[in-house]
Amino acid sequence: MFSVSLLVSCLAVVSYGKPLARRMQVHETRSHIPPAFQEVGPAPPDATLNLRVALVQGNFPGLEKALMDVSTPGSPLYGQHLSKAEVEAFVAPKSESVAAVDAWLKEHGIEATKLSPAGDWLSFSVPVSKASSLLDAEFSVFNHTPSGSTIIRTRAYSIPADLKGHLDFVHPTTAFTQPFKGPVLNFVPSTGDKPKPAVNLSSDAVPASCQSVVTPACLQALYGIPSAPATVSTNQFAVSGFLNQFANNADLMTFLTAFRPDMPATTTFSLETLDGGSNPQVLSQAGVEADLDIEYSVGIATGVPIVFISVGLDNQDEIDGFLDIINFLLSQDTPPQVLSTSYGGNEPDPPAAVLQNLCNAYAQLGARGTSIFFSSGDGGVSGIQTQQCTTFVPTFPSGCPYVTSIGATTGIGPEIAASFSSGGFSNIFPRPTYQDTAVSAFLTSFGDTNAGLFNASGRGFPDISAQGQDIEIVFRNQTGEIAGTSCSTPIIASIVALLNDELAAAGKPPLGFLNPFLYSSTGSAAFTDITIGNNPACETEGFPAGPGWDPVTGLGTPNYAALRLAVGL
């Protein structure tokens, strides 16, 4: 409800047709513009800006505590995931925050639309002239040199001083964000010079061909993944698709025929879309990332219902749909129990406030009982992709403590770290308590090597790993190999989806947010420690794999039989 003073303010707008004077206070500034962007000149006053307002969440610390309570083995609340209403009650802005921000916008004749289920995100569109008045800002046009696209941004903006503590930030005012990326996947068509890929297993031994060509049969043998179909239809597994990456049914059918002949070749997936997403089935439009993700979800999580979520380019969040898809899932009464995403970016690119807000959204979904997986990246210590660097570059969302980050391995007998496997330490998110013992042990062993190149007090990633080199897929009706943490991520997600199926069949809740379990003594013992390899970049050898957790392969690779016991099956 409006207070009397706010009501008077609104009436003043009606009476005099202009907003009341308020004492403005600088809220965000940017001291330098990233080199990929060049200022062109002042923004046209009549150009339209689509702005988003993040309100201060009512009780995020309470949500974080609830998340840890339902996710930590041994807790009396373990497995008792929160409902949609319970999560929203924690993060919904306080009524006074909603009223204060609403009154400010109405003074300027702006009606905002609620973007998130809890109401902590609002959106509105205004011309540059009105945005300048609202935020006491000067907007300019900037050219993104690599793509040739232009954006309108400001170097600083202000908000009324009395909105401090109510309004978190306005986006994308000072955000000079490089687009989040799918990895640059190099698909190498099969030429016949490699051993025949393994298809059916005749024993528990890992076929020798898996040393150079990895198929579902290799993964079943290496990690003990069952091939028996799942039985619980309510156990949902979602695979994210961004950047016009489309998953092709014909490629999936060819893949299953060749590499999972024990499954019906007609096994497929369902589709959900947002932000103008779609999934056309023209073979020439098949996406290598989307094909990979679907083939190693459907082809590993046998019988688990898979949904491909296509996020289009008409994003409402100005961060490539990464927040939109989470709000989309949070709006559902029953979100999927697993979400696998093989896309990400470098942590330094978006504003820290935006990343913190997005990370908090992952916590909301985790509290609902969803296990969230992200690929760690393919640039070693240089970030999401290999690049020149003078300090180590952490990736996002892997640096968020409420997701599970997946690295990559290669080879059999033994598995070793894939040299491209991104890993390191966040510069924004501090080390969470659940991994303190494991990360501290690594840092003690690592000593002063590369001191000053990374934030030793930050959240360490990845958490766990799986095979990510020479993965056999079908792409546009061609068989070939591919590499990256994009491969390992759906493999891990599939394993968790199968465990969730067994748990559901036994009348138990899904695993949900995994990390407190993974870093427990019981959880970590269910992984094979990877002790060979490193992730070089930035003119260094990067970090080494070694005993225990390391920022190349995390805690290691999964042992399905041990995981079954560890989760109480």
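Scroll up a little and you will see the structure.
The rules behind these values
- Residues numbered from 1 in each chain as written.
- Predicted model: local features only at pLDDT ≥ 70, side-chain atom pairs only at ≥ 80, totals over all residues.
- Heavy atoms only, no water.
- Pairing = 2+ DSSP bridges.
- Helix = DSSP H or I, 4+ residues; strand = E, 2+ residues; numbered from the N terminus.
- Contact = heavy atoms within 4.5 Å.
- Axes fitted to C-alpha atoms, helices over the stretch in contact; angles between N-to-C directions.
- 1 Å grid on protein atoms, 1.4 Å probe; cavity = no way out; pocket = protein on both sides within 12 Å on 5 of 7 lines; lining within 4 Å.
- Points joined across faces, edges and corners; volume = space filled by probe spheres on them.
- Nonpolar A, V, L, I, M, F, W, Y, C, P; charged D, E, K, R; others polar.
- Buried < 20%, exposed > 50% of the residue type's maximum accessible area, 1.4 Å probe, protein only.
- Phe/Tyr/Trp six-rings, centres within 6.5 Å; stacked < 30°, edge-to-face > 60°.
- Core = buried A, V, L, I, M, F, W, Y, C linked by side-chain atoms within 4.5 Å.

1. A closer look at the sheet that holds strand β3 (residues 48-55)
The antiparallel open sheet is built from four strands, whose spatial order is β4-β5-β3-β9. Lying at the two open borders of the sheet, with one neighbouring strand each, are β4 (113-114) and β9 (167-171). Contacts from helix α10 (residues 352-367) reach β3, β5 (121-127) and β9, with the element oriented near 110° to β9.

2. Re empty space enclosed by the protein
With the rule as written, the count across this model stands at five cavities of 30 Å³ or more. Estimates place the volume of the largest cavity at around 80 Å³. Lining the largest cavity are 13 residues; nearest its centre among them are Val496, Leu499, Leu514, Phe527 and Leu563. The set of elements that each furnish at least two residues to the lining of the largest cavity consists of α12 (485-505) and α13 (515-518). Of all the elements, α12 adds the most residues to the lining of the largest cavity, at four residues. Looking at the lining of the largest cavity, its residues break down into 13 nonpolar, no polar and no charged. The computed volume of the second largest cavity comes to approximately 60 Å³. Residue lining of the second largest cavity: Lys84, Val87, Glu88, Ser116, Pro117, Ala118, Asp120, Asn327, Leu330, Gln364 and Arg368, and that is the complete set. Listed by contribution, the elements that provide at least two residues to the lining of the second largest cavity are α3 (84-91) and α9 (322-330). Here the element with the most residues in the lining of the second largest cavity is α3; it accounts for three residues. Of the residues that constitute the lining of the second largest cavity, the class distribution is four nonpolar, three polar and four charged.

3. Section: the sheet that holds strand β7 (residues 149-154)
Paired through their backbone hydrogen bonds, the strands of a sheet run either parallel or antiparallel. Taking strand neighbours across the sheet as the criterion, the three strands line up as β2-β6-β7 in an open arrangement whose pairing is antiparallel. Of all the strands in the sheet, the pair left with one neighbour each is β2 (37-42) and β7. In this sheet, adjacent strand axes meet at a mean angle of 35° when their direction is disregarded. The pairing of strand β6 (residues 139-144) with β7 spans six bridges and is classified as antiparallel. Each residue of the ladder has a partner; that of Asn143, found in β7, is Thr150.

4. Quick notes on unusual backbone geometry
Going from His171 to Pro172, the amide bond is cis rather than trans, its omega being 10°. By secondary structure assignment, the location of Pro172 is in the loop between β9 and β10 (188-189). The omega torsion across Phe461 and Pro462 is 0°, close enough to zero to call that bond cis. Summarising the element assignment, Pro462 is placed in the loop between β21 (458-461) and β22 (464-467). Phi is positive for Asn477, close to 70°, though the residue is something other than glycine. Tracing the sequence through the fold places Asn477 in the loop between β23 (471-475) and β24 (478-482). On the accessibility criterion, Asn477 (53% relative accessible area) is exposed.

5. Focus: the packing of aromatic side chains
Taken as a whole, this structure holds 26 aromatic pairs when the rule is applied. Ring geometry for Phe392 and Phe543: centres 5.3 Å apart, planes at 80°, overall edge-to-face. Separated by 151 residues along the polypeptide, Phe392 in the loop between β16 (371-375) and β17 (395-396) and Phe543 in the loop between β25 (527-528) and β26 (557-558) bring together distant segments of the chain. With relative accessibility at 1%, the residue Phe543 sits in the buried group. Centroid distance Phe446 to Phe543: 5.4 Å. Interplanar angle 55°. Geometry classified as tilted. With a gap of 97 residues between them, Phe446 in helix α11 (residues 436-446) and Phe543 in the loop between β25 and β26 connect regions that are remote in the sequence. Note on accessibility: Phe446 and Phe543 belong to one class, buried. Connected via pairs of aromatic rings, a cluster forms that spans Phe392, Phe425, Phe442, Phe446, Phe454, Phe543 and Trp549.

6. Re the layout of surface pockets
Its volume calculated, the largest pocket comes out at about 620 Å³. Residue lining of the largest pocket: 31 residues in total, with Ile151, Arg153, Thr177, Glu318 and Asp320 positioned closest to the centre. Looking at the lining of the largest pocket, the elements that each hand over two or more residues are β3, β6 and β7. Here the residues of the lining of the largest pocket sort into 15 nonpolar, twelve polar and four charged.

7. Details of the nonpolar core
Most often, soluble globular proteins keep nonpolar side chains buried together rather than apart. Within the largest apolar cluster, 152 residues are counted, with the highest numbers of intra-cluster contacts made by Leu135 and Tyr362. Top contributing element to this core by residue count: α12, with ten residues. In this structure Leu135 touches Met24, Leu51, Trp104, Tyr157, Ser158, Ile159, Val170 and Thr173, once residues within four positions along its chain are discounted. By size, the runner-up hydrophobic cluster in this structure holds six residues, among which are Ile33, Ala36, Phe142 and Phe176.

Geometry only, nothing functional implied.
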